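One letter stands for each residue in the lines below.
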Amino acid sequence: MSSERIQMAHGSGGKLSHDLVKNIMWPAFANDILGAMHDGAQCTINGVRLAFSTDSYVVKPLFFAGGDIGKLAVCGTVNDVAMNGAVPLYLSAGFVLEEGFPIEILKRIVASMQQAAAEAGVYIVTGDTKVVEKGAVDGIYINTAGIGQIIDGIQISGQNARPGQDIILNGYLGEHSLAVMSERHGLEFPQTVVSDCAPLNRLVAELLTAVPQIAVLRDPTRGGLATTLNEIASQSQVGIMLDESSIPVSPAVQAACDILGFDPLYLANEGKMIVFVDKEYTAEVLRIMQSHIYGRESRIIGEVVPKPCGQVGLRTRIGGVRRLDMLIGDQLPRIC
Amino acid sequence: MLTMTDEQIKKAADFFTQEIARLAGQRSIRLMEVCGTHTVAIFKAGIRQLLPENVELVSGPGCPVCVTPNEYLDTAIAYSKDPQVIITTFGDMLKVPGSSSTLAQQKAAGADIRILYSPLESLEIAKENPDKNVIFLAVGFETTAPLAAATILMAEKAGITNFYVLSAHKLVPPALRVLLMSENSRVDGLLLPGHVSSMIGVKPYEFLIDEFSTPAVVAGFDPLDILQSIYMLVKQIHEGTPQLENQYRRIAPPRGNEVACRTLYKVYQAVDTVWRGIGNLEGSGLGIREEYRSFDAKTNIPVTVEVMKEHAGCQCGQVLCGTLLPTACPLFGKTCLPEHPVGSCMVSVEGTCAAWYKYGAGRWQG
Amino acid sequence: MCLAVPGKILEIQDLLATVEIGGVTRKISLMLLPESKVGEFVLIHAGFAIQAIDEEEVRKTLELFKELEEYADHDR
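The model shown is predicted, which means the values in this text are computed figures rather than measured ones.

> What should I look at first to understand the overall build of chain A in this one?
Per the secondary structure count, chain A includes nine helices and 14 strands. A compact globule built from 336 residues should have a C-alpha radius of gyration of about 20 Å, and chain A, at 19 Å, falls within 12% of that. Counting only C-alpha atoms, chain A reaches 55 × 55 × 45 Å along its principal axes. Sequence-distant contacts, at least 24 apart, represent 83% of the contacts inside chain A between residues at least 6 apart.

> Please explain the domain arrangement of chain A as it appears in this structure.
Size of an interface, as often reported, equals the accessible area lost when the parts are brought together. Residue and element names in this part refer to chain A. Taken domain by domain, chain A holds domain 1 (48-150) and domain 2 (165-324). Taken residue by residue, the interface counts 20 residues in domain 1 and 20 residues in domain 2. Among the elements of the structure, α3 (69-82), β5 (86-98) and α4 (103-120) are those that each provide at least two residues to the side of domain 1 that touches domain 2. Split by residue class, the side of domain 1 that touches domain 2 holds 13 nonpolar, five polar and two charged.

> Explain the domain arrangement of chain B here, please?
All names here are of chain B. In terms of domains, chain B is made up of domain 1 (7-63 + 187-193 + 212-243), domain 2 (70-171 + 256-300) and domain 3 (316-357). Across the contact, 11 residues belong to domain 1 and nine residues belong to domain 3. Elements that contribute at least two residues to the side of domain 1 that touches domain 3 include exactly α2 (36-45) and β2 (55-59). A per-element tally of the side of domain 1 that touches domain 3 places α2 first, with five residues. The class makeup of the residues in the side of domain 1 that touches domain 3 is six nonpolar, five polar and no charged.

> Can you help me understand the sheet that holds β5 of chain A in this one?
Strand pairing within a sheet occurs via backbone hydrogen bonds; the two strands may be parallel or antiparallel. Residues and elements named next belong to chain A. Judged by pairing direction, the sheet is mixed, and its five strands sit side by side in the order β1-β2-β7-β5-β6 without closing on themselves. Each having just a single partner strand, β1 (41-45) and β6 (123-132) make up the two edges of the open sheet. On average, each strand axis in the sheet is inclined to that of its neighbour by 20°, with strand direction left out of account. With five bridges connecting them, β1 and strand β2 (residues 48-57) associate as antiparallel partners. Bridge assignment links isoleucine 45 to a residue of β2, and that residue is valine 48. Here α3 sits on the sheet in contact with β2, β5 and β7 (140-150), set at roughly 30° to β7.

> How should the interface of chain A and chain B be read in this particular structure?
On the side of chain B, 46 residues touch chain A, which itself brings 33 residues to the contact. Secondary structure elements with two or more residues in the side of chain A that touches chain B: α1 (15-29) and β14 (321-324) of chain A. Counting residues per element, the side of chain A that touches chain B draws most heavily on β14 of chain A, at three residues. Across the side of chain A that touches chain B, the residue classes tally to 14 nonpolar, 11 polar and eight charged.

> Would you explain helix α5 (residues 121-128) of chain B in this entry?
Each turn of an α-helix holds 3.6 residues, which means side chains three or four residues apart point in the same direction. Residue and element names in this part refer to chain B. Listed as buried for α5 are Ser122, Leu123 and Ala126. End-on, the buried residues of α5 take up no more than an arc of 100°, which puts them together on one face. Here the buried face of α5 lies against β3 (85-89), β5 (133-138), α6 (145-158) and β6 (163-167).

> Which parts of the structure should I look at to understand the sheet that holds strand β1 (residues 29-33) of chain B?
Residues and elements named next belong to chain B. Strand order across the open sheet formed by five strands is β2-β1-β7-β8-β9, with parallel pairing between neighbours. The open sheet terminates on both sides in strands that have one partner only, identified here as β2 and β9 (244-246). In this sheet, adjacent strand axes meet at a mean angle of 25° when their direction is disregarded. Of the pairings in the sheet, the one linking β1 to strand β7 (residues 189-193) comprises three bridges and is parallel in character. Directly across from glutamate 33, in β7, lies its bridge partner leucine 191.

> Could you clarify how one ought to interpret the pairing of strand β8 (residues 216-219) of chain B in this entry?
Along a regular strand, successive side chains alternate from one face of the sheet to the other. All names here are of chain B. Alternating positions in β8 separate into two faces, Ala216 and Val218 on one and Val217 and Ala219 on the other, with burial throughout. Where β8 lies against β9, three bridges are found, and the strand directions are parallel. Its bridge partner being in β9, valine 217 is matched across the sheet by glutamate 245. You can see the chain leave β8, run along helix α10 (residues 223-239) and come back into β9, and the turn it takes is left-handed.

> Sorry, what's going on with the pairing of β2 of chain B here?
All names here are of chain B. Judged by which residues are buried, β2 turns out to be one-sided: Val55, Leu57 and Ser59 face inward and are buried, whereas Glu56 and Val58, on the alternate face, are not. Relative to β2, β1 is paired through five bridges, and the arrangement is parallel. Pairing of leucine 31 across the sheet is with leucine 57, part of β2. As a crossover connection, the stretch from β1 through α2 into β2 is right-handed.

> It is not clear to me how helix α7 (residues 224-236) of chain A should be interpreted in this structure. Could you clarify?
Residue and element names in this part refer to chain A. Across its 13 residues, α7 extends 19 Å between first and last C-alpha, which sits within 8% of the 18 Å expected from 1.5 Å per residue. Where burial is concerned, most of α7 is hidden: 11 out of the 13 residues are buried. For α7, the set of buried residues is Gly224, Leu225, Ala226, Thr227, Thr228, Leu229, Asn230, Glu231, Ile232, Ala233 and Ser236. Backbone geometry just downstream of α7 places glutamine 237 in the positive-phi region, at approximately 55°.

> Help me out: how do you make sense of the nonpolar core in this one?
Note that soluble globular proteins tend to have their nonpolar side chains buried in a common cluster. In terms of nonpolar packing, the biggest core is built from 239 residues, with Val165 of chain B together with Ala49 of chain C touching the most fellow members. Those residues within four positions of alanine 49 of chain C in sequence are excluded, and the remaining contacts are Ala17, Ile28, Leu30, Leu32, Leu33, Ser36, Val42, Leu43 and Ile44 of chain C.

> Even after reading the chapter, I still don't get the environment of threonine 75 of chain B, so can you show me in this structure?
Residues and elements named next belong to chain B. The topology assignment puts threonine 75 in helix α3 (residues 70-80). When the 22 C-beta atoms within 10 Å are taken as the criterion, threonine 75 is described as buried. Expressed as a C-alpha distance, the spacing of threonine 75 and methionine 308, which sit 233 residues apart in the sequence, is 9.6 Å.

Cut-offs used in this document
Residues numbered from 1 in each chain as written. Chains lettered and ligands numbered in written order. Predicted model: local features only at pLDDT ≥ 70, side-chain atom pairs only at ≥ 80, totals over all residues. Helix = DSSP H or I, 4+ residues; strand = E, 2+ residues; numbered from the N terminus. Rg over C-alpha atoms; globule rule 2.2 N^0.38 Å. Contact = placed C-beta atoms within 7 Å. Domains from an automatic or database assignment. Nonpolar A, V, L, I, M, F, W, Y, C, P; charged D, E, K, R; others polar. Pairing = 2+ DSSP bridges. Axes fitted to C-alpha atoms, helices over the stretch in contact; angles between N-to-C directions. Buried ≥ 20, exposed ≤ 12 C-beta atoms within 10 Å, placed from the backbone. Arc of directions from axis to C-beta. Right-handed = clockwise from strand over helix to strand, strands pointing away. Expected span 1.5 Å × (residues − 1). Core = buried A, V, L, I, M, F, W, Y, C linked by C-beta atoms within 7 Å.

Below is the structure:
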């Protein structure tokens, strides 16, 4: 019963999304850089190592607690580039606008993009604007691509996870997803649920300068923490064991998940990053992260283990172990 | 509401785990849970890891989606193709395979299918679309059926005439009876569904002791609730005194929710119905009463449904009765996967096979 | 089939209650639990309150879980 049409689940960042790219795009575009399967591309031009990444932003609603589509479009790509161990420098911004879209709102979004770019220290240097007929897109879609220079001596890759490494997360899960979802599901959140959308490149640069031994960096966006860790476990052929008590989820996010039947470990985050590093450097990494505005809640959430290969486990509060698989399709509200 | 520190939780869990092992001794014990939500909760808490090898936990037919025959899905899919119809459904149903398609695929092809959190949302949709027929896919056991009944009563009160229900509600106690009567089953104890019990109370389960002398515990869903319930069952087995106990008193009082049951049986009545993999069970389903037939989709909206096909080799029936482990099904993990399921045990989030696949058969091989 | 969460009733208007669940507020129907009062804890399933939560039993359960070793001695 294979599907011949794109379903919403293909966009959720889980296995179906993965398979779509694997079965259609990769074979068509086949090359070594793409095959390395980093979040962005790492390439070398005349001896200069560059990281290059792109993302499209279609979030609804356009404005939510803690951000908007513009801020997201800048931070998302800035972070993708940074997670390659690079300093992001320049972004492009392509807009697809629906006929009838209010110009005032476009101005707000563009201003927000500039604000985010300024904070990140990047420049939006080129772009494009297209307008399509009413109904052809939903308001506004933004694509950003970013390029940055990989820091000297740094080798970040999803293939670098090894037993003997700690896994560190910089804060609370699911905040972005819930901030965006609240309208859609008729939930009223307390003021505390705010999208964590933020540019992490400066924190990354600080970390890599102090601890160049950092092995893996990744931002758990679509598919959530569990999917991201599965990707890394698979790419590095190692096992991962997480500690449930250590994984920070706010009561409001947990409550919303309980109501809707979602799992916080699979929710998209926007201002979160995972760091894999040899245990001897953990204390230093934590010190730097916890001193940073986007890392105050950083903590060890687990470690790399030799087996089972490619699998992620979670030690539960009662002392059991649960296997954490990749997200397959998308999470849907359920009653069972 | 059970606020405890991590240390307290661990200590309590250790106590139950040790006692379960001590009381089980060398005896081979097989416990069955009959609530899909328990299936998932057990995996999520990693409970099997904590049980001795001789205490086995199997899943019964507690996933309402899984026990619904293909015909129901085929009917829903046929309705979704009708341009005058808006289908409203819980998210659970979206990816369930019918004979040749799923609601998710129909949605991708342009059908108006809307996921809701509460059946009441159907009424809003019906009011906003007076020229369309809104059909709610009413699936679930006694926890959910009263909600569909309440929604029908609300529709009647509000004079809404374009709201319909395609019902496949089922009752738990008749399924338990069939399970215990089956010659293949060997169930030493039952973990009873705590939330179904919050509706129907404890009395409907008395036959488990009176007729079958099978230990049974009404169980909650917190990891400690489940551990305590398993402990209570193993203790009964050890002492040789089968009883019907209630571990979930804080939420499932003995008399249940009488208003909910009255509401349910005002609109619905017990009917014979087919359980996938089990067959026709007398008085095990819910059908809309004559006086409310104007809300029944099949009575009022004509539809042509394709001839139902069950996939050859699908063993969902046996898996549902706990007589076959998912890993023993020849299709499991090969042609039957979460991303393209053959049978419903694999597609529903709480289906036994989906749970086994996702959580890796429950024991971490570290 | 049984995903349900506990919530506290903040206000009631006709048979519609505003409940609070871990800081999140939501409107739910009291059609199946019409005797509910403001301040009570109820179990919520798919937009309906389906059962009142017995706070005394919650207290007892908590006490049991926290003091298991003490209770255990009675059994052995």
